[in-house]
Amino acid sequence: MAKQTLTRKASDNKYYHKDFHIALNFGIEYLKEKFGKEAVKEYLVQFADAYYSPLRKELKEKGLIAIKEHYEKIYKIEDAKFDMSFSPEELIIYLFASPAVMHIKSNGHRVSTLFRETVLTVNKTICRNTNYDVEMIDYNEKNGGYQLRFHRREN
Amino acid sequence: MISCTEFIPAYSELFKYIEQKENKAAVIEFWNYLSDVFLTSLKDLVATNGIRGCWMYWSKALAEEAADFTMELDEDAGEFSITMHHCPSKGRLLEYKHIEPYRDYCEHCDFLYRRVLEPLGFKYEIDLSQTHKAQCHITVKGDKEFGKLNGN
């Protein structure tokens, strides 16, 4: 048997490892089982506070267009089917099926009952200390699709 | 929705969170759990194909992760190695200006893969001395006879 060698540069491939959705689902489930439901939310707040701080800054400076542009980019990467209704006062996102949930399920894994918090808690945290808030109008447990409404906070 | 392209910072923050809740041992306990439930495809590939299973597993994973690497397989010698020139995960974490990577982030690659490969009879070594440059080196040494016994 001959020796085999394979060399690849980062630019040779697209960065898109869908199995990371499965790993995140396992992480959520692990926290729930070991530390309880509140720990899942606490972790997601901590993560979102840290990672999405530039997006929050943009939301403060530019308004809801920042959220719109962020999710347009994410959904394009994930090849998601979605629709948006946008005005400077309100952004409604319709995600018809979550690529994350569909990938987890298609690989035979059970989706954590708290997986929806990766949407609601994360977006609530992004909106914290801004003039905007978000509510989840609908969530489809079967495919992870959702309807999210971002809006200006009432004083 | 958290994109799979945003997973690495979520992963790093998860390690930090678990350590804050308990300690480093709890983080290792999580890595062991993840190895058991998440790396079943690596286990199956290596159990079926011997050291070639490493090649099969990492060919797909490292392509999807857009890694900068050299992978070598020598079935006669029973050796497989990965020279990671630039790890896409650690590289991303180092690039972010607004978040600090979990201190021992790269150790997960030691715990997760060792736990799969060593019970199957392979020796797993990882050199993490250059992870500050997003570089590492993995060597797996296995049973030279595996391929012959399985008619590969």
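For the structure given in this document, a descriptive report is provided here. These numbers were taken from a predicted model, which means no experiment stands behind them.

1. Thoughts on the pairing of strand β2 (residues 79–86) of chain B
Residue and element names in this part refer to chain B.
Here's step 1: Of the pairings in the sheet, the one linking strand β1 (residues 68–74) to β2 comprises seven bridges and is antiparallel in character. Bridged to D74 within β2 is E79.
Here's step 2: Both β2 and strand β4 (residues 136–141) contribute to a ladder of six bridges, which runs antiparallel. Bridge pairing links F80 to V140 in β4.

2. What about the interface of chain B and chain A?
Here's step 1: Residue-level contacts link 51 residues of chain B with 55 residues of chain A.
Here's step 2: Inspection of the region where chain B meets chain A yields four salt bridges.
Here's step 3: For the interface between chain B and chain A, the tally reads 18 residue pairs in polar contact (both at pLDDT 80 or more).
Here's step 4: Within the residue set of the side of chain B that touches chain A, elements represented by two or more residues are α1 (7–21), α2 (24–38), α4 (52–64), β1 and α5 (88–95) of chain B.
Here's step 5: Ranked by the residues each element gives to the side of chain B that touches chain A, the list is headed by α1 of chain B, at 12 residues.
Here's step 6: Partitioned by chemical class, the residues of the side of chain B that touches chain A number 28 nonpolar, seven polar and 16 charged.
Here's step 7: Pairing between strand β1 (residues 4–8) of chain A and β1 of chain B: five bridges, direction antiparallel. When the sheet's bridge partners are listed, R8 of chain A is paired in β1 of chain B with F69 of chain B.

Definitions and limits used
Residues numbered from 1 in each chain as written. Chains lettered and ligands numbered in written order. Predicted model: local features only at pLDDT ≥ 70, side-chain atom pairs only at ≥ 80, totals over all residues. Heavy atoms only, no water. Pairing = 2+ DSSP bridges. Helix = DSSP H or I, 4+ residues; strand = E, 2+ residues; numbered from the N terminus. Contact = heavy atoms within 4.5 Å. Salt bridge = Lys/Arg side-chain N within 4 Å of Asp/Glu carboxyl O. Polar contact = N/O pair within 3.5 Å; in protein donor to acceptor, adjacent residues only side chain to side chain. Nonpolar A, V, L, I, M, F, W, Y, C, P; charged D, E, K, R; others polar.

Read these as geometric descriptors, not functional statements.
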